[in-house]
Amino acid sequence: MARQLDRLELAALAYLLLPLLVWLAGYLRLPLALPCALGCLWPAWHCLRARQRVALAITQGEWLGLAVIALAWVSLSGLLAPFHLNEDWVARMAVLRDLTMLDWPVRYADGLLLRCPLGYYLVPALIGKVSNMEGARGALWLYTVAGTWLFLLLLVSANRARARHAWVAIAGLAVFFSGMDVIGWLLWPGRTLGYAEHIEWWAGYFQYSSQTTILFWAPNHAIPGWLCALIVWRHREHGLAAMPAMLLMASVEAWAPLVAVGAAPLVLWCYCLGQGRKNLLVEAVQPAVLMVLPAALVMARYLTIDLPALPPAPSGMVLRIAAFSLFEWAILWLALRRMGMRGTLMVLAAVELLLLPCLRFGPGNDLVMRGGIPAITIILACTISAWRMPVRARGARVVVVVVLLLGSVTPVLEMERAFLAGPRYRDDARDFIAINGLAWNYLAHLHQADLLRMLKRGK
């Protein structure tokens, strides 16, 4: 039973799985949509029946307090008026607008298809279809609040032996957790620290975003990375059964495939944990596990339509990657180890964070930013757990405090941006292409015979 999900983890899985089911019903032809949807629902039903029947280590006051924190945190991102909305939302609000106003699958002239991870937008867009655009935007805000609330609940309830008011400190640490971007930023000649400065790109070629930064700029990547990583973290002792592991990966893929790349090694390790080779195979080939594969494969085919080849990461960046790693996570990681924090999961997260900057994918090297979210979340969980350990290596504790204080500068600057003046989003009835142009990471030419047979024709 320890390998199964509890009620809160099931709620997180349901939150992530729902958009995949909406996409299957809205995008695929019925003969394919029906078996793919049943292939997800049947294992989900098995997970529900096999759930851990344990009391959740969280009080009513903590439920309410974390809901208030999630609401305020998300609102400052600009999803609630009148706060400033960052420029990346020009594209995202255009996606939401087209999903709400146009038929699914969303098509444009010249055979172009809206091809991007849609998990974050589908449920709010569905609500917008039965109301209006304001209803869709309001639903997106509430949907983001719900996912952020689940993240805080999973993080706080993972620490059962916490003190009475420790949930406040845990939530505060989550909000202000970041690498020491301010050091990297100020070491660069000619840079100063202005009001609402965006300092995450101090290394020039890559970034590991703070929790607040990723929530304010890209919650579509943050939320699945957070929830997936924390489910793994909560199962780091006994492992995770194959069925919830498969459903979790298929759901994260529908939300953010680059996050799924970073989450896959963590989920795979958690599945393998504590099992013999024979049990690994027996669990993996259960019919209810294999039933999830068609939906995952169809989603993978959709997400890879017409993807261009991208150049490899530039060579000769060893020193920059070393400095980036030190300031972003390695000093904190080493201090946590000195405090007595151990475990394979912690090491696996460090290996990922070290290797990701050597890779490249996406217009802003998105693989590093998005793929690193689960591993950074593991480091956050390690920091919280280490603080509860008996006092030893006081010097290491001082280092952790200094790193956290310096790191908090980044989220504070991001929150300052909430109070900047400026347009929230473009709302002039134009579609995505009219606003954003032919962005390859959002659009693809639909001409492939297999996809034409799988996707609905539209009107």
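Higher on the page you've got the structure.
Summary of the structure given here. (Residues numbered from 1 in each chain as written. Predicted model: local features only at pLDDT ≥ 70, side-chain atom pairs only at ≥ 80, totals over all residues. Heavy atoms only, no water.)

Things to note about unusual backbone geometry
Phase 1: The omega torsion across Ala81 and Pro82 is 5°, close enough to zero to call that bond cis.
Phase 2: With respect to the element layout, Pro82 can be found in the loop between α3 (60-79) and α4 (89-101).
Phase 3: Here the residue pair Trp104 and Pro105 is connected by a cis peptide bond, since its omega of -10° sits within 30 degrees of zero.
Phase 4: Locating Pro105 in the fold gives a position in the loop between α4 and β1 (112-114).
Phase 5: The phi dihedral of Asp110 falls on the positive side, at around 65°, and the residue is not glycine.
Phase 6: Here Asp110 lies in the loop between α4 and β1.
Phase 7: Phi is positive for Asp306, close to 60°, though the residue is something other than glycine. (Helix = DSSP H or I, 4+ residues; strand = E, 2+ residues; numbered from the N terminus.)

Comments concerning the nonpolar core
Phase 1: By size, the foremost hydrophobic cluster in this structure holds 170 residues, and its most contacted members are Trp23, Leu99, Leu118, Phe151 and Leu336.
Phase 2: The greatest single-element share of this core, amounting to 13 residues, is contributed by helix α1 (residues 7-27). (Core = buried A, V, L, I, M, F, W, Y, C linked by side-chain atoms within 4.5 Å. Buried < 20%, exposed > 50% of the residue type's maximum accessible area, 1.4 Å probe, protein only.)

Some remarks on helix α7 (residues 166-176)
Phase 1: Among the residues of α7, Ala166, Trp167, Ile170, Ala171, Leu173, Ala174 and Val175 are the ones counted as buried.
Phase 2: The inward-facing, buried residues of α7 contact α3, α6 (133-157), α9 (211-217), α19 (373-387), α20 (394-407) and α21 (409-416). (Contact = heavy atoms within 4.5 Å.)

Brief notes about the packing of helix α16 (residues 318-338) against α20
Phase 1: Relative orientation of the contacting elements α16 and α20 amounts to 150°, with a least axis distance of 8 Å. In terms of their interaxial angle, α16 and α20 are classed as roughly antiparallel. The handedness of the crossing between α16 and α20 is left-handed. Contact residues: α16 offers Ile331, Leu332, Ala335, Leu336 and Arg338, while α20 offers Ala396, Val399, Val400 and Val403.
Phase 2: Among the residues making up the contact of α16 with α20, the classes are represented as eight nonpolar, no polar and one charged. (Axes fitted to C-alpha atoms, helices over the stretch in contact; angles between N-to-C directions. Parallel < 35°, antiparallel > 145°, perpendicular 65-115°, else oblique. Left-handed = near helix turned anticlockwise from the far one by under 90°. Nonpolar A, V, L, I, M, F, W, Y, C, P; charged D, E, K, R; others polar.)

Focus on the packing of α16 against helix α17 (residues 344-355)
A pair of packed helices is captured by two measures, namely the crossing angle of their axes and the spacing between those axes.
Phase 1: Taken N-terminus to C-terminus, the directions of α16 and α17 make an angle of 170°; their axes are 10 Å apart at the nearest point. By the criterion of interaxial angle, the relationship of α16 to α17 is roughly antiparallel. Judged by residue contacts, Ile321, Ser325, Trp329, Trp333, Leu336 and Arg337 of α16 engage Met346, Val347, Ala350, Leu353 and Leu354 from α17.
Phase 2: Classifying every residue of the contact of α16 with α17 by side-chain character gives nine nonpolar, one polar and one charged.

Overview of empty space enclosed by the protein
Phase 1: Counted according to the given criterion, the structure contains five cavities of 30 Å³ or more.
Phase 2: Forming the boundary of the largest cavity are Phe177, Ser178, Gly179, Tyr208, Ser209, Ser210, Gln211, Glu328, Trp329, Leu332, Ile376 and Ile379.
Phase 3: Counting only elements with at least two residues in the lining of the largest cavity, the list comes to α16 and α19.
Phase 4: In terms of residue count, α16 provides more of the lining of the largest cavity than any other element does, three residues in total.
Phase 5: Here the residues of the lining of the largest cavity sort into six nonpolar, five polar and one charged. (1 Å grid on protein atoms, 1.4 Å probe; cavity = no way out; pocket = protein on both sides within 12 Å on 5 of 7 lines; lining within 4 Å. Points joined across faces, edges and corners; volume = space filled by probe spheres on them.)

Focus on the packing of aromatic side chains
Any pair of aromatic rings gets described here by the distance separating the centres and the angle formed by the planes.
Phase 1: Under the defined criterion, the tally for this structure stands at 20 aromatic pairs.
Phase 2: Judged by centre distance (4.1 Å) and plane angle (20°), the ring pair of Phe151 and Trp226 falls under stacked. One end of the pair, Phe151, is in helix α6; the other, Trp226, is in helix α10 (residues 219-234), and 75 residues separate them in sequence. In this structure, Phe151 and Trp226 share a single accessibility class: buried.
Phase 3: Through a chain of ring-to-ring contacts, three or more aromatic side chains come together here, namely Tyr15, Trp89, Tyr120, Tyr121, Tyr143 and Trp255.
Phase 4: Note that Arg236 overlies the ring of Trp233, its terminal NZ or CZ placed 3.7 Å from the centroid.
Phase 5: Above the ring of Trp387, the side-chain terminus of Arg397 is found at 4.6 Å from the ring centroid. (Phe/Tyr/Trp six-rings, centres within 6.5 Å; stacked < 30°, edge-to-face > 60°. Lys NZ or Arg CZ within 6 Å of the ring centre and 35° of its normal.)

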